[in-house]
Structures are given as C-alpha cells and as structure tokens.
Amino acid sequence: MKIFKLPVFQALAVVSGLALSAGPTLATTAVEVPVVQIRAQAVPTGFELDGLVQPVQQSTLSAQASGRVASLLVKAGDRVRAGQLLATIDDRETLTGVQRSQAQVAQAEAELRNARANAERSRELQAMGFVSKAALDTANTQLSAAQAGRDSAVAGGRQSALAQGFTRVTAPYDGWVLQTLSEAGDLALPGTPLLTLYAPLPLRAVVQVPASLGEIARSASQVEIQIPAGKSASPQWLVPVARSVLPSADPVSQTIEWRLELPTAGAGGLVPGQQVRVRFVGGASDRMVVPVAAVMRRGELTAVYVAAGQGFALRAVRLGADHGTAGVEVLAGLSAGDSVALDPVRAGLSGARPQTAAR
C-alpha cells in the first residue's frame, strides 16, 4: 500500500476548497431567532419583602390533669382528625375521685329519701294534730337540706367525671402534628405542653414591614404574594383575601407585622415556615423591562443575547424587581432601543441571526 504525501500548500488548497464548498450549505441552515426591542414602559411601583407562611389555626395542646404521660399516640408529621385520641395521662387518681363522687351521690340520695319520708309523715301527723307546726317545719328544713346535699354530690360527680376526661387529650380539629413536646413517662402538670397541632388550611403570609415604610405600605393600591413555582410552572402572584396589621412596632427590629391570609385555591401546596415574596404595589412609573424568557442564568452570570449586526452578542445585565407579565426590570447592561433575543438557547448557536420580522 502506497501513501502519497502532498506538499503543505496543496493540502491547504484542498481544505480551503472544502470550506468554500460547505459555505452555501451553512448559510441555508442559519437559525433565525425572534427579538424584542427594549424600551421604557409603565410598570407598577412599590417594594418587595420576604415573608413566611404561617397557619391561621395553630394550637399547643397542654395537660389539664396531673399525672405521668401514659402514652403518646402520635408523632410529628402525623395527620389527625377532630376528636382523635392523641395522648393519655395516668388516670388512677382521677378514677379514685370519680368513685368517691359516686359514693357521695349514693349517700346523698339515701339521705334525701329519708328526709322526704320524714317530711311526709310529719305532714300527716300534723294534719291529725299529733305533732306541732314547729316539728313539721323542722322536717321540711331537713328535706331542703337533703335536696341541696344531693345536688352538691351530683355536681361533684360531674366535676370528677370532667377531671377524668382531662386525662385523655384529643384533637380539637382536623390537622397535622407539627411537633411533640413530651414523651411517655414524663410528669404532666396542668399547663404542661404536650404537642403542637395546626390546620393545613387556611394559611397566611406574615411579613415584617420596616416602620419607615409603614405609610407607603398602607397607601399601596394592592398587596400580592408570590407563590414559589413548581417543577413545570412559573411563579404566580396571589392577592390575599384578608389582611391585618398589628397596631404596634417591634421595639428591637422596628418593624410592623402584616398578616395576609392566602386564598385556599392557591395555597394548597404551601407549608408553614416556607418563604414567600410579598409585593406592595404603588402607582406606575416608566421602567426598562425585559421578558423573563430572554434572560439566561448560568451560575452567577445573568445575561441576555443582544442583536449585533447579523448575529448576537452576549451581554451581562443587572436585574431589578420582577413585574410579572410585564417582565423583569433592567437596572444596568441595556439601553433603550437594544434588540434582545427571546430564545437565548437558540441565540447562542453558531450562525444564529436576528429574525427579520422583529417586533
């Protein structure tokens, strides 16, 4: 087998010929990318703050009876139903009180029957003249005292039964166990917290507004909460169904707490403690914005592809507030009149050029 060697200048000529022959093919496969011209437009003004999701209904269930925790039937993360048994406290002492009250009721019932029979006999004997009116009055007084004693014993029985019921801790509503604060074997006293329970809905966003921005926040035309996006969805802004402002500022942080109740339809995927973005919308002003789809983020780099002649040039930008469908505000890196690629992935391909019919 013979190997032919070409001089260097002949090899370069062959490569150049191949490149020239491939030119028309590359030209016909050029990628056209739609662009949009950047200009100032009216967008809502205001400011944004970070907030936290909190349940509207959250309870710390505490012991109402003394004794050791006999059993804790749930753990953090468990879903519970209203009336479900959550924990039990040693009820031997309260059970003894119930038995004592039952005995006192039985004794009071017996004394009442005796006093009633005595009053009846005294009434009959007084009618026949065998006893005096004073003896009848004494019998009636004893009957009234026996009735009062019976009522007192019955009330004591109800109180003992109520104390016995306090040894069984049940869920006041449907919800989730947020955390357990005691374990089986711990000594429980009245007021000792056992566990924390919360209802999954409704939820609210709590935001701490600096006192210096209090008047601006109150004069805002609209307050919106940004819900984090899922895997395939984009972030959405929700309008609270109710809001309340605490009447005092925190003396240390100098902030005022705002509580914004979220609509049930849009808050289903949130959990307590999750961070959200709260936006206070004021009037409107002219800002340069760029569509969110045109922004490319690679690590710490935030950039867009700007049309430059028959191609694109990558340019770093500094972004500001997100104005939703209007786009995201551009603070630096672009000027009015620049044309930005709407598809940064295609704009980065070799041979990409701006689409002829730009909007």
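Residues numbered from 1 in each chain as written. Predicted model: local features only at pLDDT ≥ 70, side-chain atom pairs only at ≥ 80, totals over all residues. Heavy atoms only, no water.

**Notes on the nonpolar core**
Soluble, globular proteins show a tendency: their nonpolar side chains are buried together. Counting residues in each nonpolar core, the largest one holds 22 residues, and the members touching the most others are Val209, Ile225, Trp258 and Phe280. When contributions to this core are tallied by element, the ones reaching two or more residues are β3 (40–55), β12 (203–210), β13 (222–227), β16 (255–261) and β17 (275–290). With four residues, the top contributor of residues to this core is β12. By size, the runner-up hydrophobic cluster in this structure holds 17 residues, among which are Val69, Val80, Ile89 and Val169. (Core = buried A, V, L, I, M, F, W, Y, C linked by side-chain atoms within 4.5 Å. Buried < 20%, exposed > 50% of the residue type's maximum accessible area, 1.4 Å probe, protein only. Helix = DSSP H or I, 4+ residues; strand = E, 2+ residues; numbered from the N terminus.)

**Description of the sheet that holds strand β9 (residues 175–180)**
In space, the four strands of this open sheet follow the order β4-β11-β9-β6, with antiparallel pairing throughout. Each edge of the open sheet is held by one strand with a lone partner, namely β4 (58–62) and β6 (79–80). Pairing of β9 with strand β11 (residues 193–198) involves four bridges; the strand directions are antiparallel. Residue pairing for β11: Thr180 is matched across the bridge by Leu195. (Pairing = 2+ DSSP bridges.)

**Structural notes on the sheet that holds strand β5 (residues 67–72)**
With respect to topology, four strands assemble into an open sheet ordered β8-β7-β5-β10, the strand pairing being antiparallel. Looking at strand neighbours, the two that pair on one side only are β8 (168–170) and β10 (187–188), the edges of this open sheet. Examined bridge by bridge, β5 and β10 share two bridges and lie antiparallel to one another. Residue pairing in the sheet places Gly67 in a bridge with Ala188 of β10.

**Remarks on the pairing of strand β19 (residues 301–308)**
Strand direction decides the pairing type here: strand β18 (residues 296–298) and β19, joined by three bridges, are antiparallel. In the strand pairing of β19, Arg297 is matched with Thr302. If you look at the hairpin formed by β18 and β19, you'll find two residues sitting between the two strands, and Gly299 has a positive phi there, around 65 degrees. Where β19 lies against strand β20 (residues 311–316), six bridges are found, and the strand directions are antiparallel. Across the sheet, residue Ala303 finds its bridge partner in β20, namely Ala316. Connecting β19 to the antiparallel partner β20 that follows it, the hairpin turn spans two residues, and Gly309 within it adopts a positive phi of roughly 65 degrees.

**Considerations on the pattern of salt bridges**
Enumeration over the complete set of coordinates arrives at 14 salt bridges. The salt bridge partner of Lys75 is Asp78, with a shortest N-O separation of 3.3 Å. A salt bridge links Arg150 to Glu109, with the shortest nitrogen-to-oxygen separation between them at 3.8 Å. Taken together, the residues Arg150 in helix α3 (residues 133–165) and Glu109 in helix α2 (residues 92–128) connect sequence positions 41 residues apart. Residue classification places Arg150 among the partly exposed positions, given a relative accessible area of 23%. Given the relative accessible area of 26%, Glu109 is considered partly exposed. Overlapping salt bridges bring together Glu48, Asp50 and Arg277 as one network. (Salt bridge = Lys/Arg side-chain N within 4 Å of Asp/Glu carboxyl O.)

**Details of the packing of aromatic side chains**
For the structure shown, the criterion picks out two aromatic pairs. Summarising the aromatic geometry, the rings of Trp258 and Phe280 are spaced 5.2 Å apart at their centres and angled 85 degrees between planes, so their arrangement reads as edge-to-face. Highlighted residues: Trp258 in strand β16 and Phe280 in strand β17, separated in sequence by 22 residues. You can call Trp258 buried: its relative accessible area is 3%. Ring-pair connections join several aromatic residues into one group, and the members of that group are Phe47, Trp258 and Phe280. Positioned above the aromatic ring of Trp237, the side-chain terminus of Arg279 is 3.8 Å from the ring centre. (Phe/Tyr/Trp six-rings, centres within 6.5 Å; stacked < 30°, edge-to-face > 60°. Lys NZ or Arg CZ within 6 Å of the ring centre and 35° of its normal.)

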